[in-house]
Amino acid sequence: MPLQIVHHPDYDAGFAVNHRFPMSKYPLLMEALRARGLAIPEALSMPEPAPAKWLKLAHAADYVDQVLACEVPERIEREIGFPVGRRVSLRAQLATAGTVLAARLALKHGIACNAAGGSHHARRAQGAGFCTFNDVAVASLALLAERAVENVLVVDLDVHQGDGTADILKDEPRAFTFSMHGDRNYPARKIASDLDIALPDGTGDAAYLDRLRAILPELSTRRRWDIVFYNAGVDVHAEDRLGRLALSDNGLRARDEMVINHFRTAGIPLCGVIGGGYSTDVPALAARHAILFEAAARCA
Ligand SMILES: [Zn+2]
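Every value quoted in this text rests on a predicted model; they were computed, and no experiment measured them.

Q: Can you help me understand the pairing of strand E7 (residues 227–231) in this one?
A: For a regular strand, the rule is simple: side chains alternate between the two faces of the sheet. Counting buried positions over the five residues of E7 gives five, a clear majority of the element. Here E7 shows two buried faces, one formed by Ile 227, Phe 229 and Asn 231 and the other by Val 228 and Tyr 230. As paired strands, strand E4 (residues 152–156) and E7 are joined by five bridges and run parallel to one another. Paired with Val 155 across the strands is Tyr 230, a residue of E7. Relative to strand E8 (residues 270–273), E7 is paired through four bridges, and the arrangement is parallel. What sits directly across from Tyr 230, in E8, is Gly 272.

Q: What is the right way to look at the environment of Ala 128 in this model?
A: Along the chain, Ala 128 falls in the loop between strand E3 (111–114) and helix H6 (135–145). Leaving out residues up to four positions away in the same chain, Ala 128 has contacts with Glu 79, Ile 80, His 121, Ala 122, Arg 123 and Tyr 186.

Q: What exactly am I supposed to notice about the environment of Met 258 here?
A: Positionally, Met 258 belongs in helix H9 (residues 249–265). A residue is classified by how much of its surface remains accessible, and Met 258, at 17% relative accessible area, is buried. Filtering out sequence-adjacent residues up to four positions away, Met 258 remains in contact with Leu 209, Leu 212, Arg 213 and Leu 216.

Q: Mind showing me how you'd approach empty space enclosed by the protein here?
A: A water-sized probe rolled over the atoms picks out the places where empty space is left. As enumerated under the stated definition, the model contains three cavities of 30 Å³ or more in all. If you add up the space inside the largest cavity, you get close to 80 Å³. Phe 82, Val 88, Arg 91, Ala 92, Ala 95, Thr 96, Ser 119, Phe 130, Thr 132, Phe 133 and Asp 135 are the residues that line the largest cavity. It is helix H5 (residues 86–109) that provides the largest number of residues to the lining of the largest cavity, a total of five residues. In the lining of the largest cavity, the residues fall into six nonpolar, three polar and two charged.

Q: Can you walk me through the coordination of the zinc ion in this structure?
A: Working reference: metal with six octahedral donors, ideal angles 90 or 180 degrees; metal with four tetrahedral donors, ideal angle 109.5 degrees. Every protein donor of the zinc ion is listed here as Asp 158 (OD), Asp 158 (OD), His 160 (ND1) and Asp 235 (OD), and their distances to the metal cover 1.9 to 2.8 Å. Angles of 52 to 156° at the metal separate the four donor atoms of the zinc ion, which places the site in the irregular class. Counting the intervening residues between successive donors of the zinc ion yields the motif D-x1-H-x74-D. Of the two residues, Asp 158 is situated in the loop between E4 and helix H7 (163–169) and Asp 235 in the loop between E7 and H9; the sequence distance between them amounts to 77 residues.

Q: Help me out: how do you make sense of the pairing of E8 in this one?
A: Residues Leu 270 and Gly 272 line one face of E8 and the alternating positions Cys 271 and Val 273 line the opposite face, and both faces are buried. Bridge analysis of E3 against E8 gives three bridges, and the strand direction is parallel. Each residue of the ladder has a partner; that of Ile 111, found in E8, is Leu 270. Where the polypeptide runs from E7 across H9 and back to E8, its parallel neighbour, the crossover connection is right-handed.

Q: How do you make sense of the packing of H5 against H6 when you look at a structure like this?
A: Relative placement of two packed helices is described by the angle separating their axes and the distance separating the axes. H6 packs onto H5 with a crossing angle of 50° between their chain directions and a minimal axis gap of 8 Å. Considered as vectors, H5 and H6 are oriented oblique to each other. Relative to H6, H5 is oriented so that their crossing is right-handed. Across from Ala 95, Thr 96, Thr 99, Val 100, Ala 103, Arg 104 and Leu 107 in H5, the residues of H6 making contact are Asp 135, Val 136, Val 138, Ala 139 and Leu 143. Residue composition of the contact of H5 with H6, by class: eight nonpolar, two polar and two charged.

Q: Help me understand the layout of surface pockets, please; the structure alone is not making it clear to me.
A: One number sums up the size of the largest pocket: a volume of about 350 Å³. Counting residues per element, the ones that place at least two in the lining of the largest pocket are helix H1 (25–35), helix H4 (74–80) and H5. In this structure, the second largest pocket occupies an estimated 180 Å³ of space. The wall of the second largest pocket is formed by 14 residues, among which Val 17, Asn 18, His 19, Pro 22 and Ser 279 lie closest to the centre. The class makeup of the residues in the lining of the second largest pocket is seven nonpolar, five polar and two charged.

Q: Honestly, the side chain of His 289 in this entry has me stumped. Any pointers?
A: Structurally, His 289 is set in helix H10 (residues 282–297). Judged by its relative accessible area of 2%, His 289 is buried. Filtering out sequence-adjacent residues up to four positions away, His 289 remains in contact with Lys 25, Leu 29, Val 234, Ile 274, Gly 275, Gly 276 and Gly 277.

Q: I keep staring at the packing of H9 against H10 and nothing clicks. Help me out?
A: Running from N to C, H9 and H10 cross one another at 35°; their axes reach a closest spacing of 9 Å. Like other packed secondary-structure pairs, H9 and H10 cross with a definite hand, here right-handed. Listed contacts from H10 to Asp 249, Leu 252, Arg 253, Asp 256, Glu 257 and Ile 260 of H9 are Arg 288, Ile 291, Leu 292, Glu 294, Ala 295 and Ala 296. Counted by class, the contact of H9 with H10 contains six nonpolar, no polar and six charged residues.

Conventions used here
Residues numbered from 1 in each chain as written. Predicted model: local features only at pLDDT ≥ 70, side-chain atom pairs only at ≥ 80, totals over all residues. Heavy atoms only, no water. Buried < 20%, exposed > 50% of the residue type's maximum accessible area, 1.4 Å probe, protein only. Helix = DSSP H or I, 4+ residues; strand = E, 2+ residues; numbered from the N terminus. Pairing = 2+ DSSP bridges. Contact = heavy atoms within 4.5 Å. 1 Å grid on protein atoms, 1.4 Å probe; cavity = no way out; pocket = protein on both sides within 12 Å on 5 of 7 lines; lining within 4 Å. Points joined across faces, edges and corners; volume = space filled by probe spheres on them. Nonpolar A, V, L, I, M, F, W, Y, C, P; charged D, E, K, R; others polar. Donors = N, O, S within 2.8 Å, 3.2 Å for Na, K, Ca; no water. Tetrahedral: all angles 85-135°; square planar, octahedral: opposite > 155°, others 65-115°. Right-handed = clockwise from strand over helix to strand, strands pointing away. Axes fitted to C-alpha atoms, helices over the stretch in contact; angles between N-to-C directions. Parallel < 35°, antiparallel > 145°, perpendicular 65-115°, else oblique. Left-handed = near helix turned anticlockwise from the far one by under 90°.

Shown next, in the form of structure tokens:
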């Protein structure tokens, strides 16, 4: 089976090339996937924009309305890191629906990935840290609401702590949030996940993979999970502009394979999202994000 991949051309909101957020990584990731023989037409799905009722499961209704109307207060836009105009609003609705769609495909096929998503700093009240809507929290709550799943595990390995996901899901006993991240990185004020592992600056492949290998069995045996959302942020890489860890390409590959193999061997459906990654060398960045898809394709 080819790996099911969810994508939309409007994941790219067309920022200037020198913007702090490397928006062009989305089309370049698709190029990288095509070059690797992934993203073939029969394995590609395109989402429709997420309906407001899904978004309001995870976010305050007034904030959702503000984003949909492109009327987000400037104070919140500053926290997000860019103005929420028409293209950014559409992109947020599409990327969120993309994770919902990828999760449904994962339930059907065992594994699927969204070529976007992992906007884990968006909290219930508002967006922050380049994140408008929290796609994984929306997808978790949407699937729980329609009883497609009963128990959801979030494994967030982006280098930044998953504060928004923790905030949104903290009162949802059917969802368990795990974040392993750089201790000294954004956000300065972290919101506790159900389980957090904070790593010191400069943690490299061996120490990182040891921590991960030790924790995975503990996570998978906690409950009978119906789905795991995997945030495979590549900002743990040594050359990332915002990360403070020191993983190599091989370390990144070993990480993704370890997570995917662990949950797929246990028969748990896995929905991958790409999470963060920051570099002025966007083709190199896109190649790093492609590692998730290569690892997932071997388990599809
Ligand atoms: Zn990040």
